[in-house]
Structures are given as C-alpha cells and as structure tokens.
Amino acid sequence: FMKRRKKWSRYPPGPVSLPFIGTMLHVDFRRPHVSFRQFHKKFGNVFNLQNCWTNVVVLNGYQTVKDALVHKSEDFADRPYFPVYEHLGYGSKSEGIIVAKYGPIWKELRRFTLSTLRNFGMGKKSLEERVTEEAGFLCSAVESEEGKPFDLRFLVNNAVCNVICTTVYGERFNYGDETFKMMLHLFESSLNEETGFLPQLLNVLPILLRIPGVPQMVFRGQKVFMDFIDVLIEKHMETWNPAHIRDFTDVFLTEMKKGKEAEERGFNYNNLRLVTADLFIAGSETTSTTLRWAFLYMLLHPEIQSKVQAEIDKVIGKEKPPTMKDQVSMPYTNAVIHEVQRCGDIVPVGLPHMTYRDTEVQGFFIPKGTTVITNLSSVLKDETVWEKPNEFYPEHFLDANGQFVKPEAFLPFSAGRRACPGEQLARMELFIFFTTLMQKFTFALPEDQPRPWEDGHFALTNAPHPYLIRAVPR
Ligand code: HEM
C-alpha cells in the first residue's frame, strides 16, 4: 500500500479536475494542441488530464517524447479502446491496425501490411514508377487549369489517393470522377466527425452509444465510407483468382481462405475492411495535406520557390521526370520538404497511445492503462531544439556547407513500435509529386486574393485553410 501511495505521489500535475466531468471543460477539443501548449507552459513537460474517469497523460518536448516512445517503447505501445468504432465493426479480433491493441494480432497485421505493400512495390522501383506515372497525370490536370486560379486540393487528394487505390485495389480513379469525389467528401466529413467534444464524451461514456440512432447520427460519414469500402471489397471477392494475385486485397483474401487458424491470426473479413480503411485514412489525408502545405509555403515564400526550381533545373533538368535517386543530390529541396513537414505540423497531437504496464517518464509515475498523448507539435516546435520554431526556415535541415542534415527531433511520423509504417511511401510521394510540379510550374498567388492564412484547421490532421493558386507553366 505504501509503495502504491509513493508511486501515485509522483503522478504528473495538471489542471483542476471537477467531479464527473474531470478536466474536459479545460480543453478545446477542436484545437487540442493549442490547449496543450498552454498547459505545457503552466505544468511542464508531463501533465495529466482527466476525461471523466479516464486518466490521460500528455507528453511534451523532444526529450520526453523520445524517452517514452524510443527508450520505453513497449511500455507505451498499446492503444486505448474506442467504443465509438464498434458500430463500424471493430471487435476483439477485428481492430485493423491503427487503433488495435498491442498484441499478436496487431503485430501480425502490421507486419503483413508492411511486407505486402513492399512486395507490391513499396520502397521498390515499381511503386516509384506508379507514383511517377500518377505525378504525370497530376501535371496534365494542373496544366488544364491554364494558369487560372484554382483550388489544388481536389487534384492533389485524387493523386495521393490513387497511389493507395492502385496498391490496395489495383485501380485508379480519373480526376473529376464523381464516385471518387463523393469518397473524398466522405473522408473529410469522417475526419471532422472525430474531433470536438461529443466524440470524446461518447468514448468515455459509451452507454450513450446505446441510445438508438446516436452512432448513425454522430458518425454518419464514417458509416457511409465503410459501406463504400464494402462495395469495393465485394467486387474483388467475386473476381478473386488465386492464380492471378492483383493487389493487397487479393493477398489478404488468400490469407483468409486458409481457414480457422488464419482467422485467429486476424485474417477475417471485418479486419480486411478495417485495415483497408486504415490505409486510406492514414495514407492519403496526411500526405495530401503535407503537399497542400508545401504549395502554400511556396506561394508565401517565392524566393524559396526559386531556389528549389534552380536546384531542380541543375540536378534533374527541365524534361526528365524526377526519381528518388535525384534526392541525394538535392539538399535544398530535401530540406524544404522536411521543413514543410515540421512547420505544417500535420499530426499535431499524434495518435493516442496507452501504457501497457506501470511505467515512469522524467521521474513521473504513469500507471498501466493510462491514455498517453504524444504532443508531436511540441517536438516539431520545441524551442530548445529548433532555431526558429515558428517560422518556415529550411535552414533547420542544412549544415554550414549547405548539406542536408536531419535533427533527431524531426518526428512527424512519431517513433517507437507504433511509428508510422507508411513513412517510406510518404517520403517517395512527397518528393516525386513536389519536384514534378515544381519542375513544370511556378506557383503564384492570384491577383487580388488576400494572403492565405498560415495557421491550420484541425480535424485529426492540421490542414491549411482552403486557398486558390495559379500554376504558371515554366
Ligand atoms: C500511424 C504520420 C503517411 C499508415 C501514424 C502516426 C503518425 C503518422 C504520427 C501515429 C504513430 C503513433 O501512434 O505514434 C504520418 C504522416 C504521413 C503518413 C505525417 C505522411 C506525410 C502514411 C502512409 C501510410 C500510413 C502513406 C500507409 C501506407 C499508417 C498506419 C499507422 C500510422 C497504418 C498506424 C500504425 C500502428 O498503429 O501500428 N502515421 N503518416 N501513414 N500510419 Fe502514417
């Protein structure tokens, strides 16, 4: 008992907790990273919150996040349970990857996903060729805007999503395709449904989800999105042929056919739809949002844009499509892309973790089963690491000789056991899409358009507010 009391006396500090509701009223759930910034200043690198009766600890700053995710990787590898996803088919043996509990099924599915994506080209030439081909389609679509003001968002989303689509379903959608537009729209509403006070409340008070109609009403977009995925999978099941494996879905179906033992390892229908949804959700919104920040920063910093174009012209030339091999000879462009990720701060509060056992960070005791938020924003903007944390400054990634360097606090993909498995694919897409467009166009702010906002809109990701752009052929 004394030992327990001693441990809990080292529980992190935090704002005053009210009966029943805990600290929920102190947090702006539409912009949690902003609330966390204030608590960080007040309580230090490790502070606690209380969502009703759920204990939440928020980790801030590079050293703290690294201590937890890298040095005590397994202690922080679990995920909290999200009752709000039950109505989409989440259950004990079907949790997909992103919100799956730390354990053998998560491990198996993560390993399977990584190796299958790799076999279908991830990290290899064939996927690079696919990304390059898609970059070509993107260029033609941008060209057809004829230098007039337009919102780049739809084309970029389409291009990035097509990379996932071809890998998972072996199909791509033409730009402007009505079904695809509908899917993208569902995507955005699904993400918006995740943020705010209500989803948080439903997670800690799941009894409310039993009120007939509540899940369907609050998560309408997610439900329709999953229905859309079901249609795609059913189409695949009808045409599945073990002698002719086409894509990720086919490989998963092949595993499923192995029977009960495979089912136990997580290869069941529900998991197929959830893993697929995970790849779409995690793999498209993040990358396309990063690219939208990239072009926004180019609008706002024309001198940086000119330097990138000069390097592209020198290393690649004006005609040859960029390849990943060019990247090593392009320190400035590489630095700009990294700075876009740092400054754009795309996943500001990461994904929630949960402690797998009792543990400690920076001298604070954190019991097993505590929800842990890794405040990635506080790492990417850590004042003790970055020279100009709140400015767009590519020099953060260049040494005195203009060579590319990557500070350890560059953690947009997080770290440890749950680190993003799509990092390699994302890097390839960012480099090839960005350089291909910069090779062919100069991006400018339309006349009489006010300077776009530099702060973002938070809906799990931190995205730029919509802006118009002119793509002037070079
Ligand atoms: C997880 C960032 C692209 C698939 C994550 C996490 C972050 C992240 C911060 C949470 C890690 C944690 O829990 O600590 C990003 C960024 C991307 C990107 C910034 C693009 C610029 C992708 C792509 C894919 C992908 C292209 C798929 C091919 C996943 C999956 C997880 C994940 C499946 C869950 C991993 C797990 O729980 O084990 N990502 N990601 N991501 N990401 Fe990404």
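Here's what I pulled together on the structure shown here. These figures come from a predicted structure and were not determined experimentally.

**Focus on the coordination of the iron atom of the ligand**
Item 1. No protein donor other than Cys420 (SG) coordinates the iron atom of the ligand, and that contact is at 2.3 Å.
Item 2. Here cysteine 420 is to be found in the loop between helix 16 (376-380) and helix 17 (423-440).

**Quick word on helix 14 (residues 302-315)**
Item 1. The first and last C-alpha atoms of helix 14 sit 20 Å apart over 14 residues, in line with the 20 Å expected at 1.5 Å per residue.
Item 2. By the burial criterion, the buried members of helix 14 are Ile304, Gln305, Val308, Gln309, Glu311 and Ile312. Across the axial projection of helix 14, the buried residues extend over an arc of 160°, all falling on one side.
Item 3. The elements touched by buried residues of helix 14 are helix 13 (269-300), helix 15 (331-344), helix 17 and strand 7 (441-444).

**Examining a nonpolar patch on the surface**
Item 1. Side chains of Val16, Leu18 and Leu25 sit close together on the surface and give an oily, nonpolar patch of about 320 Å² of accessible area.
Item 2. Within the fold, leucine 18 resides in the loop between helix 1 (2-8) and helix 2 (32-43).

**Details of the site of the ligand**
Item 1. Taken together, 24 residues lie near the ligand, and Arg79, Arg110, His353, Ser414 and Cys420 sit nearest.
Item 2. Arginine 79 is positioned such that a nitrogen or oxygen atom in its side chain is 2.8 Å from an oxygen atom of the ligand.
Item 3. A distance of 2.8 Å is found between an oxygen atom of the ligand and a side-chain nitrogen or oxygen belonging to arginine 110.
Item 4. Mapped by element, the contributors of at least two residues to the shell around the ligand are helix 4 (104-119), helix 13 and helix 17.
Item 5. Split by residue class, the shell around the ligand holds 13 nonpolar, 8 polar and 3 charged.

**Quick notes on the packing of helix 6 (residues 153-169) against helix 17**
Item 1. Contact geometry for helix 6 and helix 17: axes closest at 12 Å, N-to-C directions at 140°. In terms of orientation, helix 6 lies oblique with respect to helix 17. When the axes of helix 6 and helix 17 are compared, the crossing they make is right-handed. Of the residues in helix 17, those touching helix 6 at Ala159, Val160, Val163 and Ile164 are Leu425, Glu429 and Phe433.
Item 2. Within the contact of helix 6 with helix 17, the residues separate by chemical class into 6 nonpolar, no polar and 1 charged.

About the thresholds
- Residues numbered from 1 in each chain as written.
- Predicted model: local features only at pLDDT ≥ 70, side-chain atom pairs only at ≥ 80, totals over all residues.
- Heavy atoms only, no water.
- Donors = N, O, S within 2.8 Å, 3.2 Å for Na, K, Ca; no water.
- Helix = DSSP H or I, 4+ residues; strand = E, 2+ residues; numbered from the N terminus.
- Expected span 1.5 Å × (residues − 1).
- Buried < 20%, exposed > 50% of the residue type's maximum accessible area, 1.4 Å probe, protein only.
- Arc of directions from axis to C-beta.
- Contact = heavy atoms within 4.5 Å.
- Patch = residues over 30% accessible without salt bridge, like charges linked within 9 Å, V, L, I, M, F, W, Y side chains within 5 Å.
- Areas by Shrake-Rupley, 256 points an atom, 1.4 Å probe, with all protein chains shown as cover.
- Salt bridge = Lys/Arg side-chain N within 4 Å of Asp/Glu carboxyl O.
- Near = heavy atom within 4 Å.
- Polar contact = N/O pair within 3.5 Å; in protein donor to acceptor, adjacent residues only side chain to side chain.
- Nonpolar A, V, L, I, M, F, W, Y, C, P; charged D, E, K, R; others polar.
- Axes fitted to C-alpha atoms, helices over the stretch in contact; angles between N-to-C directions.
- Parallel < 35°, antiparallel > 145°, perpendicular 65-115°, else oblique.
- Left-handed = near helix turned anticlockwise from the far one by under 90°.

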